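So the chains spell out like this:
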Amino acid sequence: GAASASDLSAGTKADYQKVYNAIADRLEQEGYDDGSYGPVLVRLAWHSSGTYCKDTKTGGSNGATMRFAPESDHGANAGLKAARDFLEPVKAMFPWVTYSDLWTLAGVVAVQEMGGPQIAWRPGRSDREQEHCAPDGRLPDGDKEQDHLRFIFYRMGFNDQEIVALSGAHALGRCHTDRSGFEGPWTHSPISFTNQYYDLLLNEKWNWKKWNGPKQYIDKNTGGLMMLTTDMALIKDKSFRPWVEKYAKDEEAFFADFSNVFAKLLELGVPEENFKAAEADHSGKPYKLK
Ligand code: DDH
């Protein structure tokens, strides 16, 4: 059932701006990956939300159940402990913020601070206990084709355009052999939010990587970039491809669509009354923090 108002984060907009700033201040760290926790925080926000099923109304960002096994041990979540641990000191500074609000807000901070669009965000998620862990298999597998993408993302309530827009998050970050088994970044600037992913998909020459690891593509030119089978499905599929072409040409359109669809992702499974109850002014209106 819905949490009572007393279970919810009870902050004002100014309070959440303080949480935002505390995350932003620590984002860049020499020695971690490409120099920023931004990408792995975006991935945490996405994996904590993308478990949603619209038919059974289970999973989603309301709960932060990835704190617990078995969800923390799901193969798809390998490596996300780094992101959860990174946020612990912030949780300690602001004990009133729920983990589920903190993790989704961290995704917003990361996108914005890495040069992406502003994302509207609302507090109001309540944390839930271990028995609410999402079942395994709700997140996408990188070695599959367009049917799998549709199966996974239609279940969350997204359409083809939204699938393509969300996938542009792979402008950020990289694959790690000790996490997913795959290797390498998608773009030349993995800690900047850009539309480069779409341009590379269309205009780079991609070959299968010759190695003992899982099937993935590498770019013919430099050998330093990668694509998953699921990434490549976006240009093979007749309905996905026009959106890739649009976002490759028009970064503004990508930013606008990503902003909308990422905000929607972060609210999957959160009852509307939670947003209303959590806000000091009970308006349920989104914040634009910066
Ligand atoms: Fe992703 N992603 N993702 N992804 N993702 C990985 C890394 C990152 C898939 C597989 C992988 C989205 C969609 C998909 C980010 C954001 C988003 C890795 C590598 C795999 C594998 C993990 C590792 O080894 O560390 C697949 C498959 C899909 C799909 O089918 C569509 C979406 C929708 C998002 C989003 O945020 C909206 C980010 C960021 C990363 C980089 C993480 C890092 O540590 O760097």
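Since this is a predicted model, take the numbers as computed values, not measurements. (Residues numbered from 1 in each chain as written. Predicted model: local features only at pLDDT ≥ 70, side-chain atom pairs only at ≥ 80, totals over all residues. Heavy atoms only, no water.)

**Some details on the overall build of the chain**
- The helix and strand inventory of the chain stands at 11 helices and five strands.
- For the chain, whose C-alpha radius of gyration is 18 Å, the value lies close to the compact-globule estimate of 19 Å for 290 residues.
- Taking the principal axes of the C-alpha coordinates as reference, the chain spans close to 55 × 40 × 35 Å.
- Across the 290 residues of the chain, 55% fall into the buried class.
- Long-range pairs, those at least 24 residues apart, make up 72% of the contacts in the chain between residues at least 6 apart in sequence.
- Surface accessibility of the chain: about 12,600 Å² in total, with carbon and sulfur atoms responsible for 49%. (Helix = DSSP H or I, 4+ residues; strand = E, 2+ residues; numbered from the N terminus. Rg over C-alpha atoms; globule rule 2.2 N^0.38 Å. Buried < 20%, exposed > 50% of the residue type's maximum accessible area, 1.4 Å probe, protein only. Contact = heavy atoms within 4.5 Å. Areas by Shrake-Rupley, 256 points an atom, 1.4 Å probe, with all protein chains shown as cover.)

**A short note on the nonpolar core**
- Core analysis: the biggest nonpolar cluster contains 83 residues, and Ile23 and Leu41 have the highest contact counts within it.
- Residue contributions to this core peak at nine residues, all from helix α4 (residues 99–113).
- Residues from two domains meet in this core; each of domain 1 (5–138 + 262–278) and domain 2 (146–253) gives at least three. (Core = buried A, V, L, I, M, F, W, Y, C linked by side-chain atoms within 4.5 Å. Domains from an automatic or database assignment.)

**Section: the packing of aromatic side chains**
- Per the counting criterion, the structure on display carries 21 aromatic pairs.
- Taken together, a centroid distance of 5.0 Å and an interplanar angle of 75 degrees make the contact between Tyr198 and Phe254 edge-to-face. Of this pair, Tyr198 sits in helix α7 (residues 196–203) while Phe254 is found in helix α10 (residues 251–266), placing the two residues 56 residues apart along the sequence. Each member of the pair, Tyr198 as well as Phe254, is classed as buried.
- A ring pair is formed by Tyr247 and Phe254, whose centres lie 5.7 Å apart and whose planes are at 55 degrees; its orientation type is tilted. Both residues of the pair, Tyr247 and Phe254, count as buried.
- Among the aromatic residues, those joined into a ring-pair cluster are Phe193, Tyr197, Tyr198, Trp243, Tyr247, Phe254, Phe255, Phe258 and Phe262.
- Over the aromatic face of Tyr99 sits the side chain of Lys91, whose NZ or CZ is 4.7 Å from the ring centroid. (Phe/Tyr/Trp six-rings, centres within 6.5 Å; stacked < 30°, edge-to-face > 60°. Lys NZ or Arg CZ within 6 Å of the ring centre and 35° of its normal.)

**Side note on the sheet that holds strand β5 (residues 226–227)**
- Spatial strand order, β3-β4-β5: three strands in an open sheet with antiparallel pairing. Across the chains shown, the open sheet's two edge strands, defined by having one partner strand only, are β3 (206–208) and β5.
- Pairing analysis gives two bridges linking strand β4 (residues 217–219) to β5, with the strands arranged antiparallel. Paired with Tyr217 across the two strands is Met227, which belongs to β5. (Pairing = 2+ DSSP bridges.)

**Here we look at the site of the ligand**
- Taken together, 25 residues lie near the ligand, and Leu149, His170, Arg174, His176 and Ser180 sit nearest.
- His170 places a polar side-chain atom, nitrogen or oxygen, 2.9 Å from a nitrogen atom of the ligand.
- In the environment of the ligand, an oxygen atom lies 2.6 Å from a nitrogen or oxygen atom belonging to the side chain of His176.
- Put simply, the parts of the chain that give the shell around the ligand at least two residues each are α2 (38–49), α5 (146–156), α6 (160–167) and β1 (174–175).
- Ranked by residues supplied to the shell around the ligand, first place goes to α2 with five residues.
- The class makeup of the residues in the shell around the ligand is 14 nonpolar, seven polar and four charged.
- The residue makeup of the shell around the ligand includes at least three contributed by each of domain 1 (5–138 + 262–278) and domain 2 (146–253). (Near = heavy atom within 4 Å. Polar contact = N/O pair within 3.5 Å; in protein donor to acceptor, adjacent residues only side chain to side chain. Nonpolar A, V, L, I, M, F, W, Y, C, P; charged D, E, K, R; others polar.)

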